[in-house]
Amino acid sequence: MRRMYFLVPDLEITKKIVDDLLLARVDERHIHVLARRGTPLEELPEASFMQKTDFLPALEQGVAVGGATGALAGLVALALPVGGLVLGGGAVLAASLAGAGLGAWWSSMIGASVGNRRLKEYEEAIEKGQLLVMVDVPKDKVHKIEELVKEHHPEAECKGVDPTIPAFP
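Residues numbered from 1 in each chain as written. Predicted model: local features only at pLDDT ≥ 70, side-chain atom pairs only at ≥ 80, totals over all residues. Heavy atoms only, no water.

Peer 1: Which residues make up the pairing of strand 1 (residues 2-8), and what are the values?
Peer 2: The element strand 1 is extensively covered by neighbouring structure, given that 6 of its 7 residues are classed as buried. Examined bridge by bridge, strand 1 and strand 4 (residues 157-161) share 4 bridges and lie antiparallel to one another. Its bridge partner lying in strand 4, Met-4 is registered against Val-161. (Buried < 20%, exposed > 50% of the residue type's maximum accessible area, 1.4 Å probe, protein only. Helix = DSSP H or I, 4+ residues; strand = E, 2+ residues; numbered from the N terminus. Pairing = 2+ DSSP bridges.)

Peer 1: Please give an account of unusual backbone geometry that cites residues and values.
Peer 2: Generally, phi is negative for residues other than glycine and the peptide bonds are trans, each holding for most cases. Phi at Arg-25 takes a positive value of approximately 70°, unusual for a residue other than glycine. Summarising the element assignment, Arg-25 is placed in the loop between helix 1 (11-23) and strand 2 (31-34).

Peer 1: Quick rundown of the sheet that holds strand 4? Include the residues and the values.
Peer 2: The antiparallel open sheet is built from 4 strands, whose spatial order is 2-3-1-4. Each edge of the sheet is formed by a strand with only one pairing partner; in this case those strands are strand 2 and strand 4. Taken over all neighbouring pairs, the strand axes of this sheet differ in orientation by 20° on average, direction set aside. Where strand 2 meets strand 3 (residues 131-137), 4 bridges bridge the pair, whose relative direction is antiparallel. (Axes fitted to C-alpha atoms, helices over the stretch in contact; angles between N-to-C directions.)

Peer 1: Give me helix 3 (residues 55-79): which residues, what numbers.
Peer 2: Between the first and last C-alpha of helix 3 there are 36 Å, a value that for 25 residues agrees with the 36 Å anticipated at 1.5 Å per step. Its buried side turned inward, helix 3 meets helix 2 (49-52) and helix 4 (89-112). (Expected span 1.5 Å × (residues − 1). Contact = heavy atoms within 4.5 Å.)

Peer 1: Before we move on, could you go through the layout of surface pockets and cite the residues and values that matter?
Peer 2: Any space left empty among the atoms is revealed by the rolling of a water-sized probe across them. Considered as a void within the structure, the largest pocket measures approximately 430 Å³ in volume. When residues in the lining of the largest pocket are grouped by element, the largest group, 3 residues, is from helix 5 (residues 123-127). (1 Å grid on protein atoms, 1.4 Å probe; cavity = no way out; pocket = protein on both sides within 12 Å on 5 of 7 lines; lining within 4 Å. Points joined across faces, edges and corners; volume = space filled by probe spheres on them.)

Next up, the structure:
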């Protein structure tokens, strides 16, 4: 799946784009609309917590850094004998898992309180009243969806495509 970004000037055009996407057989759960705080989106599919925050990227980074730190701590504990206690490979595994768990927890808490880094470039336009439409489509439908939006709604600006999206956005 790829995430496509469209900046749209107003609510009426956004509704028409969402209707066109639904007619093109894009599931509603793959369409996310982000607007300035307080803008009534009515029946439009609003971007969720996962799209608005840095929760998932922070979680992934926390698992990686925490797991690596835990593995390093386990190897150090393995190399330094403590009072006749002999540690084996299980200690390294346990330290890695504990580090990954703690890293995931801490970093996801921070990520949940921070806006999505990928959306930073759109903040100014959103604050001025534009709407951001994010569409998750299979890789082979990206060109078709982009052409559909450009053809029917030239005022909508295609702002690019992410190379991949999380498995559970």
